[in-house]
Amino acid sequence: MREDRWERMLQNGLKKETEHIGVSDFLKTRIDMEITARQEESIMKKKMHFKRYIAVAACVCLLVPAGIFAGGKVSSYTSGTDGADYKTSSDWKDLNAMEEKAGIETDAVENFSNGYQFSEISTVPFNALDEEGVRMFKEIELQVRYQNDAGNEINCYMNRADDRMTDDRTPDQTAELDGVTVSCYEETYKFVPTDYEETAEDRALEAAGGYYISYGNDKVEVLDSLSVNWEKDGVSYGIQGFDTDLTPEELFAMAGEMIQG
């Protein structure tokens, strides 16, 4: 099952991911303790934009290298589901209460005109850390999952906009929708076993950008990611899916449905 694959990939690959990050022994110990605790939980449900997914929605402690976000102000994120701020529901009527918990009012929609329908909503807390592993601030993200009749899945994530979390990627396309700039990203993720050795082709693709390797999968698997991001009225939005049946134009249209209300 795809969800089981994501759980195994994240649980097995966390230590491999952190090997490339220079942090103190004390912080590494804290990470190992958190990983061990979280491995006992079967809570891998979200499939967000992968850089955010591994950092926020995995519900385990994981560092993201500095440089992913503009200015390097936030060096890493940690997240968990053991507190009162983590909630999940399959009832759309809970949206307002979850928005209140996240401290935002959003343009979230229950259904899209292209057939994607609401299936689950969650609030996921995360901590933003500096380069020394010291917490800078705490945030709560609102995440909404949608599915269509064919079983394809996308996710929408929303949180308070903050310049310290600005994405530093260059979009593949942009569109102006009712005065809002929407950025689209087409990327590729190669999920590999922990003993996988990068090839010359891997390194060349990584250097070119838009190509990422993630360790911990039980086999080599390549998935394409499509996402759009924008900000409106102090809220940061993103819609993302892996190997979706959508085109960039269709994802722009979905963003437009949210922006236009």
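Residues numbered from 1 in each chain as written. Predicted model: local features only at pLDDT ≥ 70, side-chain atom pairs only at ≥ 80, totals over all residues. Heavy atoms only, no water.

Here we look at the packing of aromatic side chains
Counted according to the given criterion, the structure contains 7 aromatic pairs. Arranged with centres 6.4 Å apart and planes meeting at 15°, the rings of Tyr189 and Phe191 form a pair that is stacked. Phe191 carries the same exposure label as Tyr189, and that label is buried. Relative to Tyr237, the ring of Trp230 lies with its centre 5.1 Å away and its plane at 5°, an arrangement referred to as stacked. Among the residues examined, Tyr237 registers a relative accessible area of 2% and is labelled buried. (Phe/Tyr/Trp six-rings, centres within 6.5 Å; stacked < 30°, edge-to-face > 60°. Buried < 20%, exposed > 50% of the residue type's maximum accessible area, 1.4 Å probe, protein only.)

A look at the nonpolar core
In this structure, Tyr146, Met158, Val182, Val228, Trp230, Ile239 and Met258 are the most contacted members of the largest nonpolar core, which totals 36 residues. When residues in this core are grouped by element, the largest group, 6 residues, is from helix α6 (residues 248-260). With residues up to four places along the chain from it excluded, the contact list for Met258 reads Asp107, Ala108, Val109, Phe112, Cys156, Met158, Trp230, Tyr237 and Ile239. Within the second largest apolar cluster, 5 residues are counted, among which are Val192, Tyr196, Tyr211 and Ile213. (Core = buried A, V, L, I, M, F, W, Y, C linked by side-chain atoms within 4.5 Å. Helix = DSSP H or I, 4+ residues; strand = E, 2+ residues; numbered from the N terminus. Contact = heavy atoms within 4.5 Å.)

Things to note about unusual backbone geometry
Positive phi values are uncommon outside glycine, yet Asp233 reaches one of about 50°. With a phi close to 45°, Asp243 is a non-glycine residue in the positive phi region. Positionally, Asp243 belongs in the loop between β11 (235-242) and α6.

Section: the confidence of the model for the protein chain
Confidence in the prediction for the protein chain averages 75 pLDDT; 68% of positions are at 70 or higher. Predicted confidence is poor over residues 1-7, with pLDDT under 50, and the contacts of this stretch with residues over four places away or in other chains come to 19 contacts. Scored below 50 in pLDDT, residues 14-72 makes 137 contacts in the model with residues more than four places away or belonging to other chains. (pLDDT = per-residue confidence, 0-100.)

Topic: the environment of Asn229
Turning to its location among the elements, Asn229 is positioned in strand β10 (residues 221-232). When the C-alpha positions of Asn229 and Tyr185 are compared, they lie 8.4 Å apart, and in sequence the two are 44 residues distant. Residue contacts for Asn229: discarding those within four places in its chain leaves Tyr157, Arg169, Thr181, Val182, Ser183, Tyr185, Tyr237 and Gly238.

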